[in-house]
Amino acid sequence: MTDNVKGTPIVKGLGFNSFGIGTNACTVDIDEENDKILRIRPFHFDEHYTPEDLNAWKIEARGKTFEPGFKTLISPLSLCYKKRVYSKNRIPYPLKRVDWDPNGERHPETRGTSGYVRISWDEAAQLVADEIKRVHDEYGPESVLCEYDGHGETKIVHASHGCMVKMLELCGGFTSQARNPDSWEGWYWGAKHVWGMDPLGQQSLQNNIIKDISENGDAVLFWGCDVETTPLGWGGYMASRLCYWFTELGVKQIHISPDVNYTNAVHADKWIPVLPNTDAALQLAIAYTWIKEGTYDQAYLDTHAVGFENFKYYVMGGEDGVPKTPKWAEAICGVPSYTIKALARYWASHAVSIGHCNGGSYIRSTFSHEPARLEVALLGMQGVGKPGANQFKFIEWTLFGMPTVTPLPPSTKIPNLGAAYRGWVHGSQPSFIPKTMIPEAIMNPPVQWYGHVSAGLPREDQFTGPFQFPLEGKERIHMVWSDTPCWETCWNGGFHMQDALRHESIECVVVQHPWMENDTMFADIILPSNTKFETEDIGTDSDSGQWNVVFYERQAIKPVGESKSDKEVVAEVAKKLEQFGGPYENLLDRYLGGKTDDEWIEFGFETCGVPEELTFEEFKEKQYYPFPTREDWKELPAGLSQFYEDPEGHPLKTPSGKLEYYSTTLAQNFPDDNERGPIPRWVATSPSHQERQATERGRKFPFLLVSNHPHFRVHAQHDDVTWFREMEECKVTGPDGYKYEPLWIHPVDAGKLGLETGDVAKIYNERGAVLGGVRVTERIMPGAVYQDHGSRCDTIKLGEHGLDRGGANNLIAPTATTSKNTVGEVTSGFLVNVEKVDVFQLAEEYPEAFNRDYEPDCGLVATARIVEGA
Ligand SMILES: Nc1nc2c(c(=O)[nH]1)N[C@H]1C(S)=C(S)[C@@H](COP(=O)(O)OP(=O)(O)OC[C@H]3O[C@@H](n4cnc5c(=O)[nH]c(N)nc54)[C@H](O)[C@@H]3O)O[C@H]1N2
Ligand SMILES: Nc1nc2c(c(=O)[nH]1)N[C@H]1C(S)=C(S)[C@@H](COP(=O)(O)OP(=O)(O)OC[C@H]3O[C@@H](n4cnc5c(=O)[nH]c(N)nc54)[C@H](O)[C@@H]3O)O[C@H]1N2
Ligand SMILES: [Mo]
């Protein structure tokens, strides 16, 4: 461990959302004493550097000034992190599942219910190495599925995700669980076909949009957007401060969402409740109103768009005989027709921008490509790119290091530690499976799809394929190695995944993880990894929106228990594999890349873009370097202003270079696709999904579930944090003392169902049920119910038609992907019913589940599963 200079706080970046790479963190100071973390607190950028060094920026508009400040605006998710480090849920030592015997019966069917025994690191590493060798020999390397790359602590040298793939690609390969272009499914699969905007599909030219709105904007539509919540997982409260700034300026904030989210509650001028994933109907009715009233910008469309006539024909009912009137929309989306008209009229006569984090249900639900491209269609009808009218983002300000993705003043450089990153590599393997198709690929191979489905690929990639798993002549999956054990909690159709993990074809499951939670309980071998407090590393903060910084991260404490960093965990296995010679020869050295940790850190420093005159010694002493603001930032064109002024000179990345209201490439490539046709439209139901209220299923399961990103969690992370669980906001204490995941329901619906605040209810459909603690509130509109995403599984009955006490509602999300030719997730905005349950009766029925080692302020503790060696 590096010697800590007494009294000098340790600088770290805390963020949990960066695909495990060192960006998207918020810089913090950590106070440590006697190998214990005392506290985590805001960091001051001006400790070693002056405002002049930073070329401090400010936005001045309407006689007021906005400045970023020099103290980090850290979020509760960072402040609390010592509770995660010292959680009772930490895995103390390597473990083996009791009824898994590699030389005898393997009992795949008891995964998820078995207990574990303590084993040594030596035995654990040997077991994993033996299994890899056996599977390679018997079936080939493609039979090892690696699950990696989810969000994780921001780490570079001790990468949180994908260390194992770095090793396996050196000794034969593996099958990769490819992250689909998630979070922005609709933008990616839909909006790109209207306006290009590679790689994400959201407006990629973001420069100076905040400055532009401050000077010229009348209103911002928060269309499925909660900036008091979702920027917290990545950075801090900068986006929240922007909302206060808009209020100060008189920029109206109009919220369109099924719920009164945290931002809405604090900043909104107006709330327009819309039923989950029915936005497409609302959008079409706005287009209808504009066409009917002649209040859209036809002159702009003449020069900036193609195919508008086709779209107009559809909107006015030419194609299907159904004009998309506000009355038509009202019946679907629940927004009164007069409100739709009022919104349309306001928008047409003001400078309106749309702000997102990513979009909520409608961007991650069935057919999400439709509302996404309809939004672009609407923006185009009002001349997107004109002063005060753009689409912009409140988070991911420098995602993937793209210098144009920042509506705030950019720095001279975005620090890039890619060269030193020791984790996952995308696209290195010919054999891959989209994340959303894993259960099917395991249980019912072969499976087929279109596109390489790695986030960040150009639009044309969606036409490549079909791809298939397994590759021609190759075997199915027989072994799973995961460092992201939260599939069942985070993806679509978790109960289905539980069945896949227990499938007879799966002979071995290895999980490396710091905490005993979710899919970890399906592992045969568990390898305890650790948090960034326990290692030395280098990192960057380029997402909190204040300053872009690179920092040296000293080790704060010794590893907890017998844990090792993810990188070291894999090194243990590499060492053991060497004994087999052949492709495994010298594997450890090759995996380590010929450098020690210190050398990798120094290499990261040298290659990340810091000025040459800064020495490594000086950097280590100061612990950070902030990149100054670009001198010329005010001259950068705002948003899409150049396209607005000169579409020929600044074309979009669509085949025509213009906004495409009719996509010829979609028409050519998927002529039979009526779920994603060439024109954006309202798709009621179709073979892939029946998740609309006005259907047969809708009568059985009458509510649309909204499953937002949690305020006090990052997906499956932070659910064991004592400070949060103590808050009434986070859990509802049931009559049995168990802390249930809150379920919001409108008083009218609660009345019909006989539910009261504090009751426990089951949320269910034909895929299964999860429990929730009822909170009756007008913060959710009638017809919709709301339960956050990411609560830890505490499954009572496993698999299809299962029952979960933890409230992990992804377990009952649809198993099919976005639509026929798009393999995105569908995890929110689907049909459920709700019914009161008697927990004492359930406890009698399922005594084992109700007697697990559980503490209300942590949830299940690690010992809930450890039967020997504790
Ligand atoms: N219902 C619903 N579901 C959703 C969404 C929704 O809106 N609603 N949103 C979706 C979206 S946008 C996304 S991006 C996905 C997110 O899905 P994931 O990225 O898969 O989710 P996380 O929980 O962030 O996953 C990270 C996992 O890595 C672990 N981890 C963190 N740090 C480390 C480390 O250092 N080492 C190791 N070994 N593990 C670590 C965490 O404990 C967790 O198990 O969820 C999707 N699911
Ligand atoms: N604290 C915290 N921060 C996070 C994350 C986290 O898990 N926790 N996850 C991170 C990740 S990976 C991502 S992708 C982003 C996600 O960022 P977003 O996609 O913006 O997050 P969501 O919570 O899914 O949705 C935002 C809001 O949309 C509204 N909404 C929900 N459904 C609908 C709908 O059907 N129509 C309309 N109009 N509105 C709807 C709700 O009011 C909700 O609060 O957040 C990131 N930041
Ligand atoms: Mo996401």
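Values in this document were obtained by computation on a predicted structure and should not be read as measured data. (Residues numbered from 1 in each chain as written. Chains lettered and ligands numbered in written order. Predicted model: local features only at pLDDT ≥ 70, side-chain atom pairs only at ≥ 80, totals over all residues. Heavy atoms only, no water.)

This brings us to empty space enclosed by the protein. This model, assessed by the stated rule, comprises nine cavities of 30 Å³ or more. Computed from the structure, the second largest cavity encloses a volume of approximately 190 Å³. As for the second largest cavity, its lining consists of 18 residues, and the residues nearest its centre are R713, E729, C730, E741 and D788. When contributions to the lining of the second largest cavity are tallied by element, the ones reaching two or more residues are helix 26 (722–725) and strand 29 (742–745). Partitioned by chemical class, the residues of the lining of the second largest cavity number eight nonpolar, three polar and seven charged. (1 Å grid on protein atoms, 1.4 Å probe; cavity = no way out; pocket = protein on both sides within 12 Å on 5 of 7 lines; lining within 4 Å. Points joined across faces, edges and corners; volume = space filled by probe spheres on them. Helix = DSSP H or I, 4+ residues; strand = E, 2+ residues; numbered from the N terminus. Nonpolar A, V, L, I, M, F, W, Y, C, P; charged D, E, K, R; others polar.)

Moving on: the pairing of strand 22 (residues 537–541). Here strand 22 lies mainly inside the structure; five of its five residues are buried. Bridge count between strand 22 and strand 23 (residues 548–553): five bridges; the pairing is antiparallel. The residue of strand 23 that forms the bridge with G539 is F551. Between the end of strand 22 and the start of strand 23, which pair antiparallel, lie six residues, with G545 showing a positive phi angle near 85 degrees. (Buried < 20%, exposed > 50% of the residue type's maximum accessible area, 1.4 Å probe, protein only. Pairing = 2+ DSSP bridges.)

Before going further, it helps to examine the site of ligand 1. Ligand 1 sits among 36 residues. The nearest are H151, K155, C490, H513 and N810. Measuring from an oxygen atom of ligand 1, one finds a backbone N or O atom of A716 at 2.9 Å. When ligand 1 sits alone it has 900 Å² of accessible area, and the protein chains cover 100% of it. A per-class count over the shell around ligand 1 returns eight nonpolar, 18 polar and 10 charged. When residues of the shell around ligand 1 are sorted by domain, at least three fall in each of domain 1 (95–181 + 417–518 + 558–596) and domain 3 (696–864). (Near = heavy atom within 4 Å. Polar contact = N/O pair within 3.5 Å; in protein donor to acceptor, adjacent residues only side chain to side chain. Areas by Shrake-Rupley, 256 points an atom, 1.4 Å probe, with all protein chains shown as cover. Domains from an automatic or database assignment.)

Right, let's talk about the UniProt feature "domain: Pyrogallol hydroxytransferase large subunit-like N-terminal" (unreviewed entry) in the protein for a bit. Here the UniProt feature "domain: Pyrogallol hydroxytransferase large subunit-like N-terminal" (unreviewed entry) sits at residues 34–82. Helix and strand shares over residues 34–82 are 20% and 27% respectively, and the end C-alpha atoms of the span are 15 Å apart. (UniProt positions renumbered as here; feature names shortened; annotations may be inferred.)

Turning our attention to helix 15 (residues 369–381). Because each turn of an α-helix spans 3.6 residues, side chains separated by three or four positions in sequence point in the same direction. Under the 1.5 Å per step criterion, the end-to-end length of helix 15 is 18 Å for 13 residues, consistent within 8% with the ideal 18 Å. Burial analysis of helix 15 places 13 of its 13 residues in the buried class, which makes it a mostly covered element. At the exit of helix 15 stands G383, carrying a positive phi of roughly 70 degrees. (Expected span 1.5 Å × (residues − 1).)

Residues with a pLDDT of 70 or more make up 97% of the protein, whose mean pLDDT is 94. Low pLDDT, under 50, characterises residues 1–5; the stretch is placed with 14 contacts to residues that sit more than four places away or in other chains. (pLDDT = per-residue confidence, 0-100. Contact = heavy atoms within 4.5 Å.)

In terms of domains, the protein is made up of domain 1 (95–181 + 417–518 + 558–596), domain 2 (203–398 + 659–669) and domain 3 (696–864). Using only C-alpha atoms to locate each centre, domain 2 and domain 3 end up separated by 30 Å. Between domain 2 and domain 3, the contact holds 24 residues from the first and 24 residues from the second. Across the domain 2/domain 3 interface, buried area totals approximately 2,000 Å², and carbon plus sulfur atoms make up 61% of it. Contact with domain 3 buries area across many residues of domain 2, yet Y262, P276 and R364 alone supply 31% of it, more than any other trio. Where domain 2 meets domain 3, there are zero salt bridges. At the junction of domain 2 with domain 3, the criterion picks out 12 residue pairs in polar contact (both at pLDDT 80 or more). For the side of domain 2 that touches domain 3, the residue count by class is 11 nonpolar, 10 polar and three charged. (Buried area = accessible area lost by both parts, 1.4 Å probe. Salt bridge = Lys/Arg side-chain N within 4 Å of Asp/Glu carboxyl O.)

The next thing to look at is unusual backbone geometry. A cis amide bond links D198 to the next residue, P199, at an omega of 0 degrees. Mapped onto the elements of the fold, P199 is located in the loop between helix 6 (185–195) and helix 7 (209–216). The step from P445 to P446 runs through a cis peptide bond, and the omega angle for that step is 0 degrees. With respect to the helices, strands and loops of the structure, P446 is situated in the loop between helix 16 (438–443) and strand 17 (447–449). We note that M197 has phi near 60 degrees; this positive angle belongs to a residue other than glycine. Considering the arrangement of structural elements, one finds M197 in the loop between helix 6 and helix 7.

What the nine strands build is an open sheet, ordered 16-9-8-19-20-21-6-7-38; its pairing is mixed. Looking at the sheet topology across the chains shown, the edges are occupied by strand 16 (432–434) and strand 38 (866–868). If you compare each strand with its neighbour and ignore which way they point, the axes differ by 25 degrees on average. Strand direction decides the pairing type here: strand 19 (residues 479–482) and strand 20 (residues 508–513), joined by four bridges, are parallel. Bridging from a neighbouring strand, M479 pairs with C508 of strand 20. On the sheet, helix 4 (residues 121–138) packs against strand 6 (95–97), strand 8 (144–147), strand 19, strand 20 and strand 21 (525–528) and is oriented at approximately 125 degrees with respect to strand 21. Relative to strand 20, helix 19 (residues 566–577) is tilted by about 140 degrees, and along the sheet it contacts strand 19, strand 20 and strand 21. (Axes fitted to C-alpha atoms, helices over the stretch in contact; angles between N-to-C directions.)

With that settled, consider the pairing of strand 29. Burial of the side chains of strand 29 extends over both faces: P742 and W744 are buried on one face and L743 and I745 on the other. For strand 29 and strand 31 (residues 768–776), the ladder comprises four bridges, and the chain directions are parallel. Note on strand 31: the bridge partner recorded for L743 is V774. Both strand 29 and strand 32 (residues 784–786) contribute to a ladder of two bridges, which runs antiparallel.

A separate point is the side chain of E228. Along the polypeptide, E228 turns up in the loop between strand 10 (219–223) and helix 8 (238–249). Buried and without a salt bridge, E228 has R241 as its closest oppositely charged side chain, separated by 9.9 Å. Separated by 2.7 Å, the side chains of E228 and S240 make a polar contact. (Lys, Arg positive; Asp, Glu negative; His and termini not counted.)

Moving on: the packing of helix 10 (residues 279–293) against helix 14 (residues 337–348). Between two packed helices, what matters for the description is the angle formed by their axes and the separation of those axes. Packing of helix 10 against helix 14 leaves a shortest axis separation of 9 Å and a crossing angle of 60 degrees. Crossing of helix 10 over helix 14 shows right-handed handedness. Mapping the contact onto sequence places L282, A285, I286, T289, W290 and E293 in helix 10 and I340, K341, L343, A344, R345, W347 and A348 in helix 14. Each residue belonging to the contact of helix 10 with helix 14 can be placed in one class, and the counts come to nine nonpolar, one polar and three charged. (Left-handed = near helix turned anticlockwise from the far one by under 90°.)

Moving on, we come to the packing of aromatic side chains. Applying the stated rule across the entire model yields 37 aromatic pairs. Arranged with centres 4.7 Å apart and planes meeting at 90 degrees, the rings of F43 and Y624 form a pair that is edge-to-face. Of this pair, F43 sits in the loop between strand 3 (36–42) and helix 1 (51–54) while Y624 sits in strand 24 (residues 624–627), and the two are 581 residues apart along the sequence. Since its relative accessible area comes to 0%, Y624 is described here as buried. Considering the side-chain rings of Y738 and Y854, the 4.4 Å spacing of their centres and the 15 degrees angle between planes classify their relative orientation as stacked. (Phe/Tyr/Trp six-rings, centres within 6.5 Å; stacked < 30°, edge-to-face > 60°.)

Below, the discussion takes up the environment of W682. Residue placement: W682 occurs in the loop between helix 24 (664–669) and helix 25 (696–700). Residues W682 and E618, spaced 64 residues apart in sequence, show a C-alpha to C-alpha distance of 59 Å. Those residues in contact with W682 that sit more than four places away from it in its chain are N277, T278, A280, A281, L284, Y314, W328, I332 and R692.

Quick look at the sheet that holds strand 12 (residues 270–272) now. Taken together, the five strands give an open sheet; going across it, the order is 12-11-10-14-15, and neighbouring strands pair in parallel fashion. Of all the strands in the sheet, just strand 12 and strand 15 (391–393) have a single pairing partner and so form its edges. When the angles between neighbouring strand axes are averaged without regard to direction, this sheet yields 25 degrees. Strands in contact with helix 8 are strand 10, strand 11 (252–256) and strand 15; relative to strand 11, the strand with the most contacts, it is inclined by about 125 degrees.

On inspection of all chains with the given rule, the structure shows 54 salt bridges. Between R697 and E691 there is a salt bridge; the shortest N-O distance is 3.0 Å. R697 gets classed as buried once you look at its relative accessible area, which sits at 13%. Of the residues examined, E691 reaches a relative accessible area of 5% and is grouped as buried. Taking the shortest distance from any N to any O, the salt bridge between D719 and R725 comes out at 3.8 Å. An identical accessibility class is assigned to D719 and R725; each is buried.

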